[in-house]
Amino acid sequence: MSEGVEWALHSCVNLAWSGPGRAVSAARLAAWHDLPATYLNKQLQALARAGILTSTPGPRGGFRLARPLSAITLMDVVAAIEGTEEAFRCAEIRRQGPGAGPAAANPADSAAADSADSADSADSADCAIAHAMARAGLAWRRALAEQDLDGIRRQAERQAPEAPARLRAWLEAR
C-alpha cells in the first residue's frame, strides 16, 4: 500500500479538525506534516473524485470533507487512492515449467474436454493459493470497511487531545 493512503487518511482527519466547512489548500495540508504538496494534491484529488472530499478552486479555495467522518470508511479511502483491484493476482505459474500439468489439461485438446466431462482434474481446478489469497483479501477489505474515520479521529484525540486546537491555531496564524 502506498504512503498516499496514510497521507489521505491524516488529511481527512485534519480537515475535520480544521473546522466545519473550512476549505484548506493542499499546500497547507502538506505543510502541516512536511509533505510534498504536489504529491499530496494528487491524493486529495483522488479523494474528491471518490466523493470523500470536495474541491473549491481559487485563492480562498481548497479541500473540505464531502461527508461526515462517520460516513467515510478506511476502505473508502484505500479504494480511492489504491483502486479497487485485488492486491493478489494469480499468474497461474503452476501451469508453467516442468511442474506444469499434462498437455491434456488444455481445454482446446479434445481429450481434455472428454476427461473434463467425467471429472474435474486437479490441473483444471482453481488455484488453491489464489483462493486462499482471495479469502484473505476479502477479510482485509471487510475489516477496513468496518472502521470509519470518526473512530480514528476519536482515537487520535485520546492520544493527542491538543492536536485539533493546535492545527486550527496553526491554520489561523498563516
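Preceding this paragraph is the structure being described.
The following refers to the structure shown. (Residues numbered from 1 in each chain as written. Predicted model: local features only at pLDDT ≥ 70, side-chain atom pairs only at ≥ 80, totals over all residues. Heavy atoms only, no water.)

**Digging into the nonpolar core**
Here comes step 1: With 33 residues, the main nonpolar core has Leu44, Leu47, Ile52, Leu53, Val77 and Leu149 as its most contacted residues.
Here comes step 2: Broken down by secondary-structure element, the contributors of at least two residues to this core are helix H1 (3–18), helix H2 (26–32), helix H3 (37–49), helix H4 (74–82) and helix H8 (163–173).
Here comes step 3: In terms of residue count, the dominant contributor to this core is H1 (eight residues).
Here comes step 4: Apart from the residues lying within four places of it in its own chain, the contact partners of Leu53 are Cys12, Leu15, Leu44, Leu47, Ala48, Phe63, Arg64, Leu65 and Ala66. (Core = buried A, V, L, I, M, F, W, Y, C linked by side-chain atoms within 4.5 Å. Buried < 20%, exposed > 50% of the residue type's maximum accessible area, 1.4 Å probe, protein only. Helix = DSSP H or I, 4+ residues; strand = E, 2+ residues; numbered from the N terminus. Contact = heavy atoms within 4.5 Å.)

**Notes on the packing of H3 against H4**
Here comes step 1: Running from amino to carboxyl end, H3 crosses H4 at an angle of 115°, the nearest separation of the two axes being 9 Å. Handedness of the crossing formed by H3 with H4: right-handed. Contacts from Gln43, Ala46 and Leu47 of H3 reach H4 at Val77, Ala80 and Ile81.
Here comes step 2: Looking at side-chain class alone, the contact of H3 with H4 contains five nonpolar, one polar and no charged residues. (Axes fitted to C-alpha atoms, helices over the stretch in contact; angles between N-to-C directions. Left-handed = near helix turned anticlockwise from the far one by under 90°. Nonpolar A, V, L, I, M, F, W, Y, C, P; charged D, E, K, R; others polar.)

**Considerations on H3**
Here comes step 1: Taking 1.5 Å per residue, 13 residues should reach 18 Å; H3 reaches 18 Å between its end C-alpha atoms and fits that length.
Here comes step 2: All of the buried residues in H3 are Leu40, Gln43, Leu44, Ala46 and Leu47. Projection of H3 onto a plane perpendicular to its axis shows the buried side chains occupying an angular sector of 155°, all on one side. Exposed residues lying more than 90 degrees from the buried face of H3 are Thr38, Lys42 and Arg49.
Here comes step 3: Where H3 is buried, its residues meet H1, H2, strand S1 (53–56), strand S2 (62–65) and H4.
Here comes step 4: Looking one or two residues past H3, Gly51 carries a phi angle of roughly 80°, positive in sign. (Expected span 1.5 Å × (residues − 1). Arc of directions from axis to C-beta.)

**Here we look at the environment of Val78**
Here comes step 1: Locating Val78 in the fold gives a position in helix H4.
Here comes step 2: Since its relative accessible area comes to 5%, Val78 is described here as buried.
Here comes step 3: In the structure, Val78 is positioned 63 residues away from Arg141 in sequence and 9.3 Å away in space, judged by C-alpha atoms.
Here comes step 4: Excluding anything up to four places from it in sequence, Val78 contacts Met1, Val5, Gly83, Trp140 and Leu144.

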